[in-house]
Amino acid sequence: MPPSVKIKQTEIQYHREKLRKKQKDLCPLCGCVLSLNLPSLDHDHKTGAIRGVLCRNCNQVEGRILAWITRGARGKSKELYLKKLLAYWRKHSRNITGLIHPTHGKPRKRRRRKRVQ
């Protein structure tokens, strides 16, 4: 493993392009073409380690999912929590209870914002 080097702000574009080409211009999560979808230089917010290039959408989703899983795991293993969540979804991929939630299928009411004048 190469030694870690902190890059300069002015080097972000260079490294983003270098990694994008290494990834064959594809987002590793959704598979979209990065050059057409505002690529982001993805990094670990704890360590600063650059992981690769994601499309803007996947970069935002990844950060939100991490925050939600951290919250859901309640201090326990995030990986175990995610495995349990996936198993739960698989188990309930079809309706095994035979019940439907009462709000399902109802049109949602939009909240009206008060105009400030």
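Here the structure is shown first, and the text comes after it.
Just so you know, these numbers come straight off a predicted model, no measurement behind them.

Trainee: I would appreciate a short explanation of helix α2 (residues 56-73) in the present structure.
Mentor: Along an α-helix, a turn takes 3.6 residues, which lines up residues three or four apart on a common side. For α2, which comprises 18 residues, the first-to-last C-alpha distance of 26 Å matches the rise-based estimate of 26 Å (1.5 Å per residue) to within 8%. Looking at α2, one finds that the buried residues are C58, I69 and A73. Projected onto a plane normal to the axis of α2, the buried residues spread over an arc of 25° and lie on a single side. Those residues of α2 that are exposed and aimed more than 90 degrees away from the buried face are W68 and R71. Buried-residue contacts for α2 involve β2 (50-55) and α3 (78-91).

Trainee: For this particular structure, what's the right way to read the nonpolar core?
Mentor: Across soluble globular proteins, you tend to see nonpolar side chains buried next to one another. If you look at the biggest cluster of nonpolar residues, it comprises eight residues: C27, C32, L34, L41, V53, L54, C55 and C58. When residues of this core are assigned to their parent elements, the largest contribution, three residues, is made by β2. In contact with C32, not counting residues within four places along its chain, are D25, L26, C27, N37 and C55.

Trainee: Help me understand unusual backbone geometry, please; the structure alone is not making it clear to me.
Mentor: Keep in mind that most residues, glycine aside, have a negative phi and that most peptide bonds are trans. One non-glycine residue, D25, lies in the positive phi region at around 65°. Along the chain, D25 turns up in the loop between α1 (12-22) and β1 (39-43).

Trainee: Explain α3 to me, please; I cannot follow it from the model alone.
Mentor: Compared with an ideal rise of 1.5 Å per residue, which puts 14 residues at 20 Å, α3 spans 20 Å between its outermost C-alpha atoms and is within 8% of the ideal. Counting buried residues along α3, only zero of its 14 residues qualify, which leaves the element largely exposed.

Trainee: Which parts of the structure should I look at to understand the pattern of salt bridges?
Mentor: Pairing between side chains of opposite charge can happen when their charged atoms approach one another. Tallied over the entire structure, the rule returns four salt bridges. Between E17 and R20 there is a salt bridge, with the nearest N and O atoms lying 2.5 Å from each other. Of this pair, E17 and R20 both sit in helix α1, separated by three residues, roughly a single helical turn. For E17, a relative accessible area of 25% puts it in the partly exposed group. D25 serves as the salt-bridge partner of R20, at 2.6 Å between the closest nitrogen and oxygen. Here R20 and D25 have matching classes, each one buried. Salt bridges sharing common partners tie together E17, R20 and D25.

Trainee: I tried to follow the packing of α2 against α3 on my own but got confused; where do I start?
Mentor: Relative orientation and spacing of two packed helices are given, respectively, by the angle between their axes and the distance between those axes. The interhelical angle for the contact between α2 and α3, taken along N-to-C directions, is 95°, at an axis separation of 9 Å. One way to sum up the angle between α2 and α3 is to call them roughly perpendicular. Listed contacts from α3 to L66, I69, T70, G72 and A73 of α2 are K78, Y81 and L82. Across the contact of α2 with α3, the residue classes break down as five nonpolar, two polar and one charged.

Cut-offs applied
- Residues numbered from 1 in each chain as written.
- Predicted model: local features only at pLDDT ≥ 70, side-chain atom pairs only at ≥ 80, totals over all residues.
- Heavy atoms only, no water.
- Helix = DSSP H or I, 4+ residues; strand = E, 2+ residues; numbered from the N terminus.
- Expected span 1.5 Å × (residues − 1).
- Buried < 20%, exposed > 50% of the residue type's maximum accessible area, 1.4 Å probe, protein only.
- Arc of directions from axis to C-beta.
- Contact = heavy atoms within 4.5 Å.
- Core = buried A, V, L, I, M, F, W, Y, C linked by side-chain atoms within 4.5 Å.
- Salt bridge = Lys/Arg side-chain N within 4 Å of Asp/Glu carboxyl O.
- Axes fitted to C-alpha atoms, helices over the stretch in contact; angles between N-to-C directions.
- Parallel < 35°, antiparallel > 145°, perpendicular 65-115°, else oblique.
- Nonpolar A, V, L, I, M, F, W, Y, C, P; charged D, E, K, R; others polar.

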